[in-house]
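Given next are the chains, with one letter for each unit.
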Amino acid sequence: MKRQISLGAVGDVLTKNIVKDFSSEIYNTTFDITHFNIDNHAQLFLSDQSFDFVISHLTPSYSSTIETSQKWIDDYKRYIDRVISYVTKYKSFVILNTLPFKRKSFSSLGHLREIDHIHNVNQFLLNIVAKETHISLINLQYLISTNGYKSSINLTNELVMRMPYTKVMVNEINLEYRKLIHQRLFPRKKVVVVDADNTLWHGIIGEDGIEGINVGQDYPGSVFFYFQHILKNASESGIILALASKNNLEDVQCAFENIKMPLNLDYFSCIEVNWKSKSENISKIANKLNVGLDSMIFVDDSLYELEQVNTSLPEIKCLHFDYKDIKKSLTLLQDQIDLTIWDPQEDDIIKKKQYKEHFIRINERNKSSSLEDYLTALDIKIYYGINRREKLKRIAQLTNKTNQFNLTTRRYTEKEIDNFMEIGYVYDFSVVDRHGDLGIVGLCIVFNDKIDTFLLSCRALGRYIENDMINFIVSNHNNKELKASFIPSKRNRVAEDFLGLNNFHLENEANGEFLYSLKKGMTNTFKYKLIKN
């Protein structure tokens, strides 16, 4: 069953190309789009129509006065106040845009004053989106400046069709809209795997030696220096970096130790440098990080290597890095809508630290004489919260990114999670052990005496945490005839027997959904201590 998302659109914006890809099997989502008259911004935000998303695209001609003035500024601020009231009432995601600068006038000083007025409105918008978590913003000024005003704005289109943009600019704007919608609805890729030679630096270290590779301020090394900065920025936003290179490990280590580069080896959570095939090394990286292949991106300069990986591991997105095509290569990652994020949360930012702790746990497990001894030594504690609205973003994120131990794989927005908190119970579970804090890794949604959603992040599996979670839920609802269901998917077979093993019995199966009810007289035996957050 496809996920249904409602979208209201107003202004000089085209929505057809924005959402077309989201109906594919990967996203399994359809959009019900309502278009408002091009000038009906105020009517939309003063109406009683609720949408999951609203796109409101403004140009400097929105105001009732053509000339920029204090009244012009006040008109925009009144509009933004209506947006905030709408968001507060309906919890919709609203996408706005900054205003572009206008053409030059006869007075240079007057033109600068107009720029100051536009800057005033844009600064007001930036201050709003910093506070209002449901409002996103397209930086239209930046898009126009990078493409050039004359390449972006078509005066004929503006006056004849009220659509001021060129075809190139429309495509750029639509890409930004797609990114912002994706950020709110779908999980982004977790891992970027990169090659070394001619990807992180210019040259082949095994042939050219450390003196023969180039990454620095002068071309072509400057391209690689800049690309490493992009990778560093991705890492700091929560993307996990991994290295897969056909090389001698000692040579690669020597390069990082002796050449000043934006990245060092500590930025890579997993390193596979050897002479095995790239696909074999990437599979090993996926196993080590415990992530699905479809959550990974592979970047290489070699079309041969990309084809080999694409053929062996078709789930992975493969990207070609060609340092000679500077514009394409240095926007390669940022243009991937499934790599961007609106506002990284703490759980995103500390990913690298959590994986280091993860590998420490694996080493301890390998050294332990038994699983029980290992778990005892970890000193695991489980913390739970109930209907914590301050965790809406992380909770919605979990429903959209957890695939393996997820009984129903239902996907929800923050607005939908907030509605569940109104009518039922949303339990979140975080796990801490002596090596660190895994953050919020578990979730259960209960309403109308039924478990709608039950999931646990893959990084917390193998410790019986899911058993304590279900025991806790049952103990909190032990006066009810609790129901639950399992909906099979390609990835959640690991959870197939979970309900049956935890005192639920199968009642029937309908339309691919297996319906369970709790057996009477279930006893709750907890392995760990559960503490209220």
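Focus on the layout of surface pockets
Looking at the second largest pocket, its volume works out to about 1100 Å³. Around the second largest pocket, the lining comprises 33 residues; the ones closest to its centre are Tyr142, Glu176, Lys179, Gln334 and Asp335. At six residues, the largest contribution of residues to the lining of the second largest pocket is made by helix α8 (residues 167-185). Looking at the lining of the second largest pocket, its residues break down into 16 nonpolar, ten polar and seven charged.

Observations concerning helix α13 (residues 303-312)
Along α13, the residues that are buried comprise Glu305, Leu306, Gln308 and Val309. The arc that holds every buried residue of α13, seen down its axis, measures 160°, which confines them to one face. Turned more than 90 degrees from where α13 packs its buried face, Leu303, Tyr304 and Thr311 sit exposed. Check the buried side of α13 and you find it contacts β7 (240-246), α12 (278-289), β9 (296-300) and β10 (317-320). Where α13 begins, the side chain of Ser302 points an oxygen toward the backbone nitrogen of Tyr304, at a separation of 3.3 Å.

Observations concerning the nonpolar core
In terms of nonpolar packing, the biggest core is built from 36 residues, with Phe429, Ile451, Phe454, Ile473 and Phe504 touching the most fellow members. If we skip the residues at most four places from it in the chain, Ile473 touches Tyr427, Phe429, Cys444, Val446, Ile451 and Leu482. Core analysis: the next-biggest nonpolar cluster, separate from the first, contains 35 residues, Leu200, Ala234, Tyr267 and Leu333 among them.

Quick word on empty space enclosed by the protein
Scanning the model with the defined rule gives three cavities of 30 Å³ or more in all. Estimated volume of the largest cavity: approximately 370 Å³. Lining the largest cavity we find 23 residues, and of these Gln183, Phe186, Pro187, Ile341 and Gln397 sit closest to its centre. Listing elements by their share of the lining of the largest cavity, those giving two or more residues are α8 and α18 (392-401). Sorting elements by how many residues they give to the lining of the largest cavity places α18 first, with five residues. Partitioned by chemical class, the residues of the lining of the largest cavity number seven nonpolar, six polar and ten charged.

Here we look at unusual backbone geometry
Here Tyr219 and Pro220 are connected by a cis peptide whose omega angle stands at 5°. Take Pro220: it is sitting in the loop between α9 (205-208) and α10 (221-236). The backbone phi angle of Asn198 is positive, close to 60°, even though this residue is not glycine. The topology assignment puts Asn198 in the loop between β6 (191-194) and α9. Judged by its relative accessible area of 17%, Asn198 falls in the buried class.

Considerations on the side chain of His477
Topologically, His477 is positioned in the loop between α20 (465-476) and β16 (483-486). Of note is the side chain of His477, whose polar atom sits 2.7 Å from the side chain of Tyr427. Ignoring sequence-local partners within four residues, the contact set of His477 consists of Tyr425, Tyr427, Val446 and Leu482.

A few points about the sheet that holds strand β8 (residues 268-274)
Overall, parallel pairing links the five strands, which are arranged β8-β7-β6-β9-β10 in an open sheet. Every interior strand has two partners, whereas the edge strands, β8 and β10, have only one. Neighbouring strand axes in the sheet, compared pairwise and without regard to direction, differ in orientation by 20° on average. Here four bridges tie β6 to β7, and the two strands are oriented parallel to one another. Residue pairing across strands places Val191 opposite Ile240, the latter belonging to β7. Against the sheet, helix α11 (residues 249-258) engages β7 and β8, with an angle of about 135° to β8.

Quick notes on the packing of aromatic side chains
The geometry of an aromatic ring pair comes down to the distance between the two centres and the angle between the two planes. Summed over the entire model, instances satisfying the criterion amount to 23 aromatic pairs. Ring centres of Phe22 and Tyr27 lie 5.1 Å apart, and the angle between their planes is 85°; this geometry places the pair in the edge-to-face category. Tyr27 carries the same exposure label as Phe22, and that label is buried. Where Trp201 meets Phe256, the ring centres are 5.7 Å apart and the plane angle is 65°; that geometry is what we call edge-to-face. One end of the pair, Trp201, is in the loop between β6 and α9; the other, Phe256, is in helix α11, with 55 residues separating them in the sequence. Given a relative accessible area of 0%, Trp201 falls into the buried group.

Section: helix α5 (residues 140-147)
Within α5, the full set of buried residues consists of Leu140, Leu143, Ile144 and Asn147. With its buried residues spanning 95° around the axis, α5 presents them on a single face. More than 90 degrees from the buried face of α5, the exposed residues found are Tyr142 and Ser145. Among the residues trailing α5, Gly148 stands out with phi positive, at a value near 95°.

Parameters and conventions
Residues numbered from 1 in each chain as written. Predicted model: local features only at pLDDT ≥ 70, side-chain atom pairs only at ≥ 80, totals over all residues. Heavy atoms only, no water. 1 Å grid on protein atoms, 1.4 Å probe; cavity = no way out; pocket = protein on both sides within 12 Å on 5 of 7 lines; lining within 4 Å. Points joined across faces, edges and corners; volume = space filled by probe spheres on them. Helix = DSSP H or I, 4+ residues; strand = E, 2+ residues; numbered from the N terminus. Nonpolar A, V, L, I, M, F, W, Y, C, P; charged D, E, K, R; others polar. Buried < 20%, exposed > 50% of the residue type's maximum accessible area, 1.4 Å probe, protein only. Arc of directions from axis to C-beta. Contact = heavy atoms within 4.5 Å. Polar contact = N/O pair within 3.5 Å; in protein donor to acceptor, adjacent residues only side chain to side chain. Core = buried A, V, L, I, M, F, W, Y, C linked by side-chain atoms within 4.5 Å. Pairing = 2+ DSSP bridges. Axes fitted to C-alpha atoms, helices over the stretch in contact; angles between N-to-C directions. Phe/Tyr/Trp six-rings, centres within 6.5 Å; stacked < 30°, edge-to-face > 60°.

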